[in-house]
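Residues per chain are reported as follows:
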Amino acid sequence: DKNVPNRTKIVDSTLYFNGFVRDVLVVKEKIFVATNTGLFVFDLESGDLLDKYTFFDVGTLDKFSFLRNIVKINYFSDFLVLLTKHGLIKFDMDL
């Protein structure tokens, strides 16, 4: 429809990560992208990167090393649950 504004936004993934996307989850206007390099959280409306939890950033090399190879992500009653090659990880998310 010509009268409906185009709200399509394309985000260049190389701006944020170059890993393999394993799973994507949308919860309450946020997009969670699970990759082999970590977890990325985008705002659905603006397309902005809100948070990133990666194991390869300078200064956080060891801090998030458990986030390698996220396979699946899900959301259960205020908790984001990640299935990784290292086991389950539960994030308390205030959405």
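Just above, that's the structure.
What you are looking at is a predicted structure, and each value in this text was computed from that prediction instead of being measured.

### Quick notes on the sheet that holds strand 5 (residues 70–76)
If you walk across this open sheet you meet the 3 strands as 5-6-7, and the pairing is antiparallel. Two strands in the sheet have a free side with no partner beyond their single neighbour: strand 5 and strand 7 (87–92). Within the sheet, the average angular offset between the axes of one strand and its neighbour, ignoring direction, is 20°. Where strand 5 and strand 6 (residues 79–84) come together, 6 bridges link them in antiparallel fashion. What sits directly across from Lys72, in strand 6, is Leu83.

### Remarks on the packing of aromatic side chains
Using the criterion set out here, one finds 0 aromatic pairs in the structure. Sitting over the ring of Phe79, Lys90 keeps its end group 4.2 Å from the ring centre.

### A word on the nonpolar core
Formed by 16 residues in total, the largest nonpolar core has its most connected members in Phe32, Leu39, Ile73, Leu80, Leu82 and Phe91. Sorting the residues of this core by element identifies strand 1 (21–27), strand 2 (30–35), strand 3 (38–43), strand 5, strand 6 and strand 7 as the ones contributing at least two each. Here the element with the most residues in this core is strand 5; it accounts for 3 residues. For Leu80, the contacting residues outside a window of four places in its chain are Leu25, Phe32, Leu39, Ile73, Asn74, Tyr75, Ile89, Lys90, Phe91 and Met93.

### Concerning the pattern of salt bridges
One pass over the structure, following the stated rule, counts 1 salt bridge. Notably, a salt bridge pairs Lys72 with Asp23, separated by 3.6 Å at the nearest N-O pair. Placement of the pair is Lys72 in strand 5 and Asp23 in strand 1, with a sequence separation of 49 residues. Overall, Lys72 belongs to the partly exposed group, its relative accessible area being 45%.

### A closer look at the environment of Met93
Relative to the helices and strands, Met93 is located in the segment after strand 7. Residue Met93 is classed as buried on the basis of its relative accessible area of 13%. Residues Met93 and Phe79, spaced 14 residues apart in sequence, show a C-alpha to C-alpha distance of 5.4 Å.

The rules behind these values
Residues numbered from 1 in each chain as written. Predicted model: local features only at pLDDT ≥ 70, side-chain atom pairs only at ≥ 80, totals over all residues. Heavy atoms only, no water. Pairing = 2+ DSSP bridges. Helix = DSSP H or I, 4+ residues; strand = E, 2+ residues; numbered from the N terminus. Axes fitted to C-alpha atoms, helices over the stretch in contact; angles between N-to-C directions. Phe/Tyr/Trp six-rings, centres within 6.5 Å; stacked < 30°, edge-to-face > 60°. Lys NZ or Arg CZ within 6 Å of the ring centre and 35° of its normal. Core = buried A, V, L, I, M, F, W, Y, C linked by side-chain atoms within 4.5 Å. Buried < 20%, exposed > 50% of the residue type's maximum accessible area, 1.4 Å probe, protein only. Contact = heavy atoms within 4.5 Å. Salt bridge = Lys/Arg side-chain N within 4 Å of Asp/Glu carboxyl O.

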